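Coordinate analysis (summary)
What follows is the residue order along each chain.
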Amino acid sequence: MVEILVADDHPLFQYAITDFVERNIPDTKTISCIDLEEALNTAEENPNIDLVLLDLNMPGMDGLNGIVRFRNQFPEIPIVIVSAEEDKNVVLQAFTYGAVGFITKSSSCEQIVGALQQVLSGQVYLPPDIIRNGGSTKPKEDSAQQQIDPKLIGALTRRQLLVFECIAKGKSNKQIAYELNIAETTVKAHVSAILTKLNVHNRIQAALCAASIDFNQYLMRN
């Protein structure tokens, strides 16, 4: 039995998401709460929770700081943000604060199921439409820290560049394997090599760094 904590202060949406999750993800039990404090207390009282869905704007969240509070207290529970927010910078910042998934409230039923299944399988979920096209692209003060030396990018093979581009679009290993017509184990090997060559710790950092990369420029050289 998979236990999912749903924290959202909008009664209709909370009911809709809990009902939807239980109907569409087999062997799932949901627990609901309406603010961050209640979410923290509920997680404390229910040690078997497998995943938490946090509304970014509910009481107690204090913006992205609520992610940090929950993550610090329960580092073993994956956090997925559920929000009407579609600003690309906010989405990416949520990952730097500790989220492993971001679902917009405008997502289709198919996208929500796919995102939750992806996270429950141990992967991360970035909303591909926003990562690829949406939201503000205004530089942040720490943008310099997200830049990768062009020489490191140039050291990637053509196949690694294609995989890196897919990571930047928020695609899972399974989706990358299908798109590039290669085995999922091969994708995992490429991802590992990319992280090593770019000197980043995980695919979230890689995606953050990829925001300003013109992949066509590098692919034309290979």
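Labelled according to an unreviewed UniProt entry, the protein chain appears under the name Response regulator, originating from Alteromonas oceani.

**Structural notes on the overall build of the protein chain**
On a plain count of helices and strands, the protein chain comes out with 12 helices and five strands. For the protein chain, the spread of C-alpha atoms along the three principal axes comes to 55 × 40 × 30 Å. Split into buried and exposed, the 222 residues of the protein chain put 48% on the buried side. Across the protein chain, the fraction of contacts at a sequence separation of at least 24, relative to all contacts at a separation of at least 6, is 67%. Computed over 19 positive and 27 negative side-chain charges, the separation of the two mean positions in the protein chain equals 13 Å.

**Describing the packing of helix α8 (residues 158–168) against helix α9 (residues 173–180)**
One can describe the packing of α8 onto α9 by two numbers: an axis separation of 10 Å at closest approach and a directional angle of 130 degrees. Classified by the angle between their axes, α8 and α9 sit oblique to one another. With respect to the hand of their crossing, α8 and α9 are arranged in right-handed fashion. Residue-level contacts link R159, L162, V163, C166 and I167 of α8 to I176, E179 and L180 of α9. Broken down by class, the residue content of the contact of α8 with α9 amounts to six nonpolar, no polar and two charged.

**Re α8**
Across the 11 residues of α8, eight count as buried, placing the element largely inside the fold. When α8 is considered as a whole, its buried residues turn out to be Q160, L161, V163, F164, E165, C166, I167 and A168. Backbone geometry just downstream of α8 places G170 in the positive-phi region, at approximately 85 degrees.

**Quick word on the pattern of salt bridges**
Enumeration according to the criterion identifies four salt bridges in this entry. Measuring nitrogen to oxygen at the nearest pair gives 2.7 Å for the salt bridge that ties E37 to R69. With E37 in helix α2 (residues 36–45) and R69 in helix α3 (residues 65–73), this residue pair connects regions lying 32 residues apart in the sequence. Classification of E37 by relative accessible area gives partly exposed; the value is 39%. R69 gets classed as partly exposed once you look at its relative accessible area, which sits at 37%. When salt bridges that share partners are traced, they join D8, D55 and K105 into one network.

Procedures and definitions
Residues numbered from 1 in each chain as written. Predicted model: local features only at pLDDT ≥ 70, side-chain atom pairs only at ≥ 80, totals over all residues. Heavy atoms only, no water. Helix = DSSP H or I, 4+ residues; strand = E, 2+ residues; numbered from the N terminus. Buried < 20%, exposed > 50% of the residue type's maximum accessible area, 1.4 Å probe, protein only. Contact = heavy atoms within 4.5 Å. Lys, Arg positive; Asp, Glu negative; His and termini not counted. Charge placed at Lys NZ, Arg CZ, Asp CG, Glu CD. Axes fitted to C-alpha atoms, helices over the stretch in contact; angles between N-to-C directions. Parallel < 35°, antiparallel > 145°, perpendicular 65-115°, else oblique. Left-handed = near helix turned anticlockwise from the far one by under 90°. Nonpolar A, V, L, I, M, F, W, Y, C, P; charged D, E, K, R; others polar. Salt bridge = Lys/Arg side-chain N within 4 Å of Asp/Glu carboxyl O.

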